[in-house]
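# Inside the fold
Here is how the chains run, residue by residue.
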Amino acid sequence: MPQETETQKDDRDVIARLADRGEQTLARLAELPGGAKALGTMNDLRARVDELGKKVRGIDELERRVAKLEKELASMKRAQKPKPPPAA
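Here we come to the overall build of the protein chain. For the protein chain, the helix and strand inventory stands at two helices and zero strands. Per-residue burial over the protein chain gives 2% buried out of 88 residues. Element-wise, carbon and sulfur atoms account for 58% of the exposed surface of the protein chain, whose accessible area totals about 8,800 Å².

So this is what it looks like as structure tokens:
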């Protein structure tokens, strides 16, 4: 069984205390007039930010596809260059 160092124990204590403080703060906010609405708005904001993050991650794939299509189009244009008319 691995031994727990004093630093690891202290870190967990700090994290646990911060988590408790966060829960207490959220409970106090919910008790304030309009607090429940503010918490609901923050949750909605979190969901929207998550959606936005997913969409932004999809942009990289689209950029790769567009770059590939641009290269293909450029090579097609080079292949279709009109030949100069013969001299008369």
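Between side chains of opposite charge, pairing is possible as soon as their charged atoms come close. One pass over the full model with this rule turns up two salt bridges. With a shortest N-O distance of 3.8 Å, Asp50 and Arg46 are connected by a salt bridge. Taken together, the residues Asp50 and Arg46, both in helix H2 (residues 35-79) and four residues apart, mark about one turn of the helix. A relative accessible area of 40% places Asp50 in the partly exposed class. Measuring nitrogen to oxygen at the nearest pair gives 3.0 Å for the salt bridge that ties Glu61 to Arg64. With Glu61 and Arg64 both in helix H2 and three residues apart, this pair spans about one turn of that helix.

Rules behind the numbers
Residues numbered from 1 in each chain as written. Predicted model: local features only at pLDDT ≥ 70, side-chain atom pairs only at ≥ 80, totals over all residues. Heavy atoms only, no water. Helix = DSSP H or I, 4+ residues; strand = E, 2+ residues; numbered from the N terminus. Buried < 20%, exposed > 50% of the residue type's maximum accessible area, 1.4 Å probe, protein only. Areas by Shrake-Rupley, 256 points an atom, 1.4 Å probe, with all protein chains shown as cover. Salt bridge = Lys/Arg side-chain N within 4 Å of Asp/Glu carboxyl O.

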